[in-house]
Amino acid sequence: MTASRIDGKAFAARLRERVGAMAAEFAKQAGRKAGLAVVLVGDDPASQVYVGSKGKATLAANMESFEHRLPDDTGEAQLLALVEQLNNDDAVDGILVQLPLPDHLDEQAIISAISPDKDVDGFHVINAGRLSVGQNGFVPCTPLGCMMLLTDRLGDLSGLEAVVIGRSNIVGKPMAQLLVDANATVTIAHSRTKDLPAVVKRADIVVAAVGRPEMVKAEWLKPGATVIDVGINRLPPAEGEAKGRLVGDVAFGEASEVASAITPVPGGVGPMTIAVLLRNTLVAAYRNEGLTVPDSL
Ligand code: NDP
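Quick summary incoming for the structure in this document. Along every chain, residues carry numbers that run from 1 in the direction the sequence is written. Reporting of local features is limited, given that this is a predicted model, to residues whose pLDDT is at least 70; pairs of side-chain atoms are given and counted only at 80 or more, and all residues count toward the totals for whole chains, interfaces and linings. Excluding hydrogens and water, the side-chain values take into account all heavy atoms of the structure.

**Digging into the sheet that holds strand 7 (residues 205-208)**
Applied cut-off: In this analysis, strands are considered paired if DSSP registers two or more bridges between them. Runs of H or I in DSSP of at least four residues are treated as helices and runs of E of at least two as strands, each being numbered from the N terminus. Residues are treated as being in contact if the distance between any of their heavy atoms lies within 4.5 Å. Between N-to-C directions, angles span 0 to 180 degrees; the directions come from axes that are lines fitted to C-alpha atoms, helices contributing only their stretch in contact.
Strand order in the open sheet formed by 6 strands is 1-11-8-7-5-6, and the pairing between neighbours is parallel. A single partner strand is all that each edge strand has here, and the edge strands are strand 1 (4-5) and strand 6 (185-189). When strand 7 meets strand 8 (residues 226-229), the two strands line up parallel, connected through 4 bridges. Directly across from Val206, in strand 8, lies its bridge partner Val227. In this fold helix 6 (residues 141-154) packs onto strand 1, strand 7, strand 8 and strand 11 (261-262), with an angle of close to 160° to the strand it touches most, strand 8.

Printed below as a string of structure tokens:
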């Protein structure tokens, strides 16, 4: 069997286009554009790139982008004051503080200061709680994007066995919650799991969110499984390469021989994250204006 590739890049492009069209409609209805504020502290090169591409994607989706780049030595009080200002700014529907923050800043304290109704990353404990009890809040972008790819591919997930490898607050746990809500039977595996290959072997759906290059091998997979690879790992450069290759947490080549469908890295889950961020921002905008959120979002 050769698995079909789940083309997250194409799916994300369609989602961004749809969100862009709906954002134009929103602007007509509300008399203003939806707005996303992104806060970056320090000059981490990867974060600079992420923030730049989020800003561009926001503008391309007919929304306002507000970028706040602060120096590395920004104090907690100063950052909290900015978050408070954004919480009170009616032009701002979504607030994203780019992580990781420099060591002297307490990430939890900053995230907790964001209004839960503007927390489009879904990292605030209120939104984690809402997800856990089935209330409308904001779901972290990466697992929500994985879920969109899964339901697009498989339709109804009822009764399917799902194994999520990884239990972080931003990927593994919300992913497992979304799968349970979709009536899958879910196992969460992590670094203390015994006999991980045997656990993974049960799964109709495998979501790998570990951060270990090509850890999940073909022989771990049940034939016909659907595999979502969240991992983004850069290998050390091979001879003659300036930069090492990017790989996922799944050994893509061999796994493609066993799975029925699999996301590539890059071009799978990665592009979904920004697309879902734009979607969440538009949802926030509808809610903040007291308008009904369209079902198709
Ligand atoms: P974390 O480091 O927060 O969590 C990793 C999880 O993997 C932990 O729960 C850990 O277990 C588990 N783990 C580590 N080693 C093993 C092992 N040998 N066997 C089984 N489980 C193990 O990572 P994140 O959740 O933030 O991210 C995971 C991956 O996804 C990373 O590669 C990251 O770059 C990528 N990512 C990609 C995104 C995208 O847009 N595509 C967005 C976010 C993340 P324990 O809890 O026991 O330590």
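Here the narrative resumes, following the displayed structure.
**Examining the packing of helix 1 (residues 8-30) against helix 10 (residues 270-288)**
To be explicit about the condition: Oblique is the label for any angle not covered by the other classes, which are roughly parallel (under 35 degrees), roughly antiparallel (over 145) and roughly perpendicular (65 to 115). Here is the rule for handedness: rotate from the far helix to the near one, and if that takes an anticlockwise turn smaller than a right angle the crossing is left-handed, while a clockwise turn gives right-handed.
Between helix 1 and helix 10, whose axes approach to 9 Å, the crossing angle comes to 20°. Looking at the two axes, helix 1 sits roughly parallel to helix 10. Here helix 1 and helix 10 pass one another in a crossing that is left-handed. Counted together, Gly8, Lys9, Phe11, Ala12, Leu15, Arg16, Val19, Met22, Ala23, Phe26 and Gln29 of helix 1 and Pro271, Met272, Ile274, Ala275, Val276, Leu278, Arg279, Leu282, Ala285 and Tyr286 of helix 10 form the full contact between these two elements.

**Some thoughts on the pairing of strand 2 (residues 35-41)**
To be explicit about the condition: To sort residues, take the accessible area from a 1.4 Å probe on protein chains only and compare it with the maximum for the residue type: under 20% means buried, over 50% means exposed, and anything in between is partly exposed. Here, the term right-handed applies to a crossover whose path from the first strand over the helix to the second runs clockwise when the strands point away from the viewer.
For strand 2, a buried count of 7 out of 7 residues is recorded, marking the element as mostly surrounded by other parts of the structure. Residues of strand 2 alternate between two faces, with Gly35, Ala37, Val39 and Val41 on one and Leu36, Val38 and Leu40 on the opposite face, all of them buried. Of the pairings in the sheet, the one linking strand 2 to strand 3 (residues 64-70) comprises 7 bridges and is parallel in character. Within strand 3, the position partnered with Leu36 by the bridge is Ser65. The parallel pair strand 2 and strand 3, bridged by helix 2 (residues 45-60), forms a crossover whose chirality is right-handed. The pairing of strand 2 with strand 4 (residues 94-97) spans 4 bridges and is classified as parallel. Residue Val38 lies in a different strand from strand 4, and its bridge partner there is Leu96.

**Regarding the pattern of salt bridges**
Once their charged atoms are close, side chains differing in charge can pair, the charge on each being opposite to the other. Where we set the bar: The term salt bridge refers to a pairing of a side-chain nitrogen on Lys or Arg with a carboxyl oxygen on Asp or Glu at a separation within 4 Å.
Inspection of the entire model under this criterion finds 6 salt bridges. Notably, a salt bridge pairs Arg32 with Asp93, separated by 2.9 Å at the nearest N-O pair. Separated by 61 residues along the polypeptide, Arg32 in the loop between helix 1 and strand 2 and Asp93 in the loop between helix 3 (76-87) and strand 4 bring together distant segments of the chain. When its relative accessible area of 18% is taken as the criterion, Arg32 is described as buried. Overall, the relative accessible area of 0% leaves Asp93 in the buried class.

**Comments concerning helix 10**
Stated precisely, the cut-off is as follows: Here, expected helix span is obtained from the residue count minus one, scaled by 1.5 Å.
If you check helix 10, its first and last C-alpha atoms are 28 Å apart, about what 19 residues at 1.5 Å a residue would give, namely 27 Å. In terms of burial, helix 10 is a largely internal element, 14 of the 19 residues being buried. Downstream of helix 10 by one or two residues, Gly290 has phi in the positive range, about 70°.

**What to know about the pairing of strand 8**
Along strand 8, one buried face is formed by Thr226 and Ile228 and the opposite face, lined by Val227 and Asp229, is buried too. Across 2 bridges, strand 8 lies against strand 11 in parallel orientation. The residue of strand 11 that forms the bridge with Val227 is Ile262.

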